[in-house]
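# Working through the structure, step by step
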Amino acid sequence: MRIIDATALSSFARKTAESASDFASVVHNLIMDVRDSYRPELHYMRGPGPKWRAKHQPLAKIRF
């Protein structure tokens, strides 16, 4: 029977933990890419400007 020393077991555990961490990181990045809710129109479309408002506003009320 073969006896595994502590350093070999420690090295195996460290490599396994690193592999699991790398795998979890890849899965997390894939999920975040799928769930990406960035919509540029929400950030860049700020509504009509002053020229549009001037053109489309109702007739101004005349004060006497």
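These figures come from a predicted structure and were not determined experimentally.

This part takes up the overall build of the protein. A tally of regular secondary structure across the protein gives 3 helices and 0 strands. Counting from the amino terminus, the protein carries its helices and strands in the arrangement α-α-α. For the protein, with 64 residues in total, the buried portion stands at 0%. Counting every atom, the protein has about 7,000 Å² of accessible surface; 62% of that belongs to carbon and sulfur.

A contiguous nonpolar surface patch, about 370 Å² in accessible area, is contributed by F23, V27, I31 and M32. Looking at the secondary structure, you find M32 in helix α1 (residues 6-34).

For the protein, the mean per-residue pLDDT works out to 78, and 72% of the residues sit at or above 70. When mean pLDDT is compared element by element in the protein, helix α3 (residues 50-56) scores highest at 87, while helix α2 (residues 40-44) scores lowest at 70.

Analysis parameters
- Counting restarts for each chain, with residues numbered from 1 along the sequence as it is written.
- With pLDDT at 70 or above as the cut-off, local features in this predicted model cover only qualifying residues; side-chain atom pairs require 80 or more to be listed or tallied, and sums for whole chains, interfaces and linings still use all residues.
- With hydrogens and water set aside, each side-chain value is computed from the structure's full complement of heavy atoms.
- Labels follow the DSSP assignment, with helices taken as runs of H or I lasting at least four residues and strands as runs of E lasting at least two, numbered in each case from the N terminus.
- With a 1.4 Å probe rolled over the protein chains alone, any residue whose accessible area is under 20% of its type maximum counts as buried; one over 50% counts as exposed, and the rest are partly exposed.
- A 1.4 Å probe and the Shrake-Rupley method give the accessible areas. Residues count as covered only by the protein chains that appear here.
- Here the term patch refers to residues with relative accessible area over 30% and no salt bridge, with like charges joined within 9 Å and nonpolar side chains (Val, Leu, Ile, Met, Phe, Trp, Tyr) within 5 Å.
- Only one rule defines a salt bridge in this text: a Lys or Arg side-chain nitrogen within 4 Å of an Asp or Glu carboxyl oxygen.
- One confidence number per residue, pLDDT, is output by the predictor and ranges from 0 to 100.

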